[in-house]
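Here is how the chains run, residue by residue.
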Amino acid sequence: MESGTRDAQPILGTARTRVEGPDKVTGRALYASDRPGPETMARAALVTSTIACGRITGFDLGAAERVPGVLGIFTYRDFAGAVAPVKHLMAGGYANSSHRPLDSDAVAYAGQIVALVVATNQEAAEEAAGAVRVAYAEEPAAGGFDAPGAETVRLADLKAQHEDIVRGDAEAGMRDAAIRIEARYETPVQHHNPIELFTTRAAWDGDRLTVHEPTRYVGAVQHGLAAQLGLDPAQVRVVSGLIGGHFGSKFALSQHTALVALAARRLGRPVSLVPTRRQCFTIANYRPESRHAIRLGAESDGRFTALVHEAETITSRFDPFVMEGAEVTASLYACPAIRTEERAVRVDRNTPGPMRAPPEVPYLFALESAVDEMAVALGMDPIALRRRNDTAIDPVSGKPFSTRPLMACFDAGARAFGWARRAPRPGTMRDGPWRVGLGCAASVRPVKIAAATLRVRLNPDGTAEVACAHHEIGNGITTLLAMGAAEGLGVPIERVTVRLGDTALPAAGISGGSSTTTSLMNALALGCDQIREALAQAATGQGGRLAGRDPGALSLAGGRLSAPDGTGIALADAIGPAGVETLAAFVPAGGDREKALAGLRQGHIGLAFGGGGRAVSWGFGAQFAEVHVHGETGEIRVARLTGAFAAGRILNPLTARSQLTGGMIWGLGSALLEETVLDGAAYRNPDLAEYLVPTSADAPEVEALLVPDPDDRVDALGLKGLGELGIIGVNAAIANAVHHATGRRIRKLPIRLEDVA
C-alpha cells in the first residue's frame, strides 16, 4: 500500500519547529526533579570524599544528626553488601561504572560518595551533609599520565574484542616517504556539564520501585537496578521524560541511584536527590585526556605512503572502558600501509564515559592536524591534499563506502567560506592589528543503528499515537516521530501524540552514537506500513467497502482511504470503532533478529554499524574556521565557522541545522576553552565559574550547510544520523587556522593566549 502522501504535501524533509518547543520556552516543560511528589517525599544530599585513594577510618555524625529535619545518614556501615555488583554497560552490564560507593570503607577516587544524608527538606539535607566529618587513612594516588603508580596496558589486552590495525608495512612506507611528519598531540579532560543535573527520585509501592531520573537508557537503569537490588525487572519502572541535556553523560545506570532507592525503602517514603554541580564531576562520567603520536609519510605529489597512529587514554582502575578511535583515523584516507596501537592508562579516578563524538573529537584532532602539517611541508593546499588521498574504498576493511561525499562537503564549504582568498603562506593575512588565519578539517562519523520496538496506533477520530521507551534528549526525536507518523498515516501532525521515556512502553535502546533517528524512524516506518497494510487488506477483502481493489494501490491521506480512481472511504469507516494498533519490531539489516530483540528486552546496548555489513557507512563533513590573533596581546578570536555536512536523508532541516551549529560552537569550546584541571588525582575547577564553556560573546558567525547525500545502502530510509558530526573536526580546523595566522603549530588543547603571544 502506498504511503499517505499522494494527495498531501510531504512532511518529512520539511522544516518544522519542535512540537515540545512551546513547553520548553514557556517553562511548562517538566524535568525529573520538577515533577511534584507527595508531601512525605524526603530530600537527599551527598557527602563525597576529599582524598583520592585510601580508607575511611571513622565518621563524626553528631553535628549532622542534630540538624532539625534529618531522617537518616547512610554510610558503608548501613549499605555494605546491599547493592549487588553490576558490570559496565560496555562490558555486557548496565552501569556507567562498576564501582559501588558505600559498599566498603575503601576510597577509590576523589569525589567518591561516602555518605547519603536524607532530611525532610533540601536545606536540612545540605546543612547536615556539610556537617558530616570523615576521617581517612590516605594512600598515594595516581592521577594521570606518567604519574607514579599509573598502569599502562594495551587496549587489546584489556578488551577482548579490540584489535590494533596492521595493513601493509608501515615502517617501510615511512622509510620510502619523500616527506615525513612525526608529532605528538594532546587533548585534556573535559566534562559534559548539562544544565539539568544528575537527579534521582525513588518511590516504593510495596515491592515495586519507580524511579524518575534523566537517563539516556531507561532499559539499562531498569535491568541494572533490578540486578543490584535483587528484584525482577518487572518490579522496576524507570521514567525519564524530557532531559535537560546529556551529550553523552547520564549514561546508563548511575551508582547513586541504588543508594537513593535503598534510602527510600529504609525510610518508608519517597526520596529525591539533586546533587550539586561540583559533585556531578565525579558521580558521572567525563571525556578523559588523550595523547597521540602520529607518523605520516607521503610521496612528493602528496599521496600518503604510511600512517602510524599510537594513542593512549585514561581510564579507571576498575572498568575496562576506553573509547578507541584509531579505526576511524585509519580508514579516513587512502593509504597502503597503516599501523595503529591503542593503550589505556589506569589511574585512581572515576570511570570516564562517552562525550559527544567520543573518539572522533580527540583522534581526529590529532590526524587532521597532522594532515595540515603535511600540507605545509609539501607546499600544497590542505584541501588539495585531502582530495589527493580521497578514497571510495575503506583501506582497512576493503569494503566500499556506501557513499563518500567528503570532497563534496569540502567543495560546498570552501565556496561558502571563501577559501579561495586564503594566502598560502602562514602569517601573511592581516586585519589591522589582528593576524588572520583560515583553517579546515574533515568531520566523519561511522553510522550506528540499533534494534527498536515501537507501538503505533491510529484511532477512528483521526488521531494517532506513537509510544516508545526511548528518550527525548533535546535532539528533536519527538518532532521527527510526529512528522513520520503524520506522513505515514495521513493525519495532521497536530493530531499525533508521542510518548517516550518510560520502561512501561515498548523497549528501545540507548540514545547515543547518533543512532536515535536511524533506529526509531525505521521502526516507525515499519509500524506505519503495517497499519496501512492492515487497513488496505480489510477494506479490499470480502465484504470490505473497497472489495476487489488492489490493496497495494490504495493511499491513506486527508482522512480517507482512497483508490487510484478517487473512490474511497472515510478513515473512521476504514479503521472501525476499536482503532488499529501495531507493535513494530525493527532490527538492522544483517542482524540476528531474535538475538537483537532479546538483547533489547534485557537492556543491553546493541548498537550496530549502518550498511548491514555490505558497505562502510559514514556521515561526512568539512569544517572551516577563520581565526583572528591579536599581534600584541595574543588574544584569540574565532570570527567565523562554516561547516558543510552530508548525513544521508535529512528529515527536518531546521532541527538538523540547530544540532550542527550547536555542535560547532561546542567544538570552539573544545579548541579554546574547555579543560578540567587536575591537581594530583582531583578535579580543581568543577563548576561553571571556572570550567570555561563558550558564551554568546564567544560564539562567532556560524553557518551549517546540508550537502545532498542519497544513500540507498545504509538503511531502508537512507538515514545516517548527524547529532555528533557538528563538533568533530572543529578543534583541528581552529588549531590549523591559528597556525596559518601565526606560524605556530599548537598540538595541545585547549589553545591559550600564552601559546601564541
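One structure accompanies this document, and this report is about it. (Residues numbered from 1 in each chain as written. Predicted model: local features only at pLDDT ≥ 70, side-chain atom pairs only at ≥ 80, totals over all residues. Heavy atoms only, no water.)

## Notes on the packing of aromatic side chains
- If you walk through the whole model with that rule in mind, you get 15 aromatic pairs.
- Pairwise contacts between aromatic rings join Phe-410, Phe-417, Trp-419 and Phe-624 into one cluster.
- A cation over an aromatic ring shows up here: Arg-291 above the ring of Phe-145, its NZ or CZ 4.2 Å from the ring centre.
- Across from the ring centre of Phe-401, 4.8 Å away, lies the NZ or CZ of Arg-404, which sits over that ring. (Phe/Tyr/Trp six-rings, centres within 6.5 Å; stacked < 30°, edge-to-face > 60°. Lys NZ or Arg CZ within 6 Å of the ring centre and 35° of its normal.)

## Looking at helix 4 (residues 122-131)
- Three or more residues of helix 4 are buried, namely Gln-122, Ala-124, Ala-125, Ala-128, Ala-129 and Ala-131.
- Those residues of helix 4 that are buried are in contact with strand 1 (42-48), strand 2 (54-60), helix 2 (62-65), strand 3 (70-74), strand 5 (113-119) and strand 6 (133-138).
- At the N-terminal boundary of helix 4, the capping side chain belongs to Asn-121, with an oxygen 3.2 Å from the backbone nitrogen of Glu-123. (Buried < 20%, exposed > 50% of the residue type's maximum accessible area, 1.4 Å probe, protein only. Helix = DSSP H or I, 4+ residues; strand = E, 2+ residues; numbered from the N terminus. Contact = heavy atoms within 4.5 Å. Polar contact = N/O pair within 3.5 Å; in protein donor to acceptor, adjacent residues only side chain to side chain.)

## Considering the sheet that holds strand 1
- The mixed open sheet is built from seven strands, whose spatial order is 3-5-1-13-10-11-12. What marks the edges here is a single partner per strand, and that holds for strand 3 and strand 12 (236-239). Each strand of the sheet is rotated relative to its neighbour by a mean of 20°, with strand direction disregarded.
- In the sheet, strand 1 pairs with strand 5 via six bridges, with the strands oriented antiparallel. The residue bridging Val-47 from the neighbouring strand is Ala-115, located in strand 5.
- Against the sheet, helix 4 makes contact with strand 1, strand 3 and strand 5, and its axis sits at roughly 20° relative to strand 1, the strand it touches most. (Pairing = 2+ DSSP bridges. Axes fitted to C-alpha atoms, helices over the stretch in contact; angles between N-to-C directions.)

## Some thoughts on the sheet that holds strand 26 (residues 580-586)
- Taken together, the four strands give an open sheet; going across it, the order is 22-21-20-26, and neighbouring strands pair in mixed fashion. Taken across any chain shown, the strands that pair with only one partner, and hence form the sheet edges, are strand 22 (496-499) and strand 26. Ignoring which end each strand starts from, the neighbouring axes of this sheet average 15° apart.
- In the packing of helix 14 (residues 477-489) onto the sheet, contacts are made with strand 20 (452-458), strand 21 (464-467) and strand 22, and the angle to strand 22 comes to roughly 140°.
- Strands in contact with helix 15 (residues 516-540) are strand 20, strand 21 and strand 26; relative to strand 26, the strand with the most contacts, it is inclined by about 140°.

## With respect to the pattern of salt bridges
- Under the defined criterion, the tally for this structure stands at 41 salt bridges.
- For Lys-250, the salt bridge goes to Glu-196, with nearest N and O atoms at 3.3 Å. Here the residue Lys-250 occupies a position in the loop between strand 12 and helix 8 (257-267), and Glu-196 occupies one in the loop between strand 9 (179-187) and strand 10 (200-205), the gap between them amounting to 54 residues. Considered together, Lys-250 and Glu-196 belong to a single accessibility category, that of buried residues.
- A salt bridge links Asp-411 to Arg-387, with the shortest nitrogen-to-oxygen separation between them at 2.7 Å. A residue pair is termed long-range when its members are at least 10 positions apart, and Asp-411 in helix 13 (residues 406-417) and Arg-387 in helix 12 (residues 382-388) qualify at 24 residues.
- Taking the relative accessible area as the measure of exposure, Asp-411 reaches 26% and is therefore partly exposed.
- One salt-bridge network, held together by shared partners, links Asp-146, Arg-291, Glu-312, Glu-341 and Arg-343. (Salt bridge = Lys/Arg side-chain N within 4 Å of Asp/Glu carboxyl O.)

## Some words on helix 14
- Given a rise of 1.5 Å per residue, 13 residues ought to cover 18 Å, and the 18 Å separating the end C-alpha atoms of helix 14 matches this to within 8%.
- When you tally the buried positions in helix 14, you get 13 out of 13 residues, the bulk of the element.
- Once helix 14 ends, the next one or two residues include Gly-490, with phi positive near 70°. (Expected span 1.5 Å × (residues − 1).)

## Remarks on the nonpolar core
- One finds Phe-304, Leu-332, Phe-410, Phe-624, Val-627, Leu-672 and Ile-734 to be the most contacted residues of the largest nonpolar core, which totals 89 residues.
- At 10 residues, the largest contribution of residues to this core is made by helix 11 (residues 360-378).
- In terms of nonpolar packing, the next biggest core, distinct from the first, is built from 49 residues, Ala-42, Trp-204, Ala-261 and Ala-284 among them. (Core = buried A, V, L, I, M, F, W, Y, C linked by side-chain atoms within 4.5 Å.)

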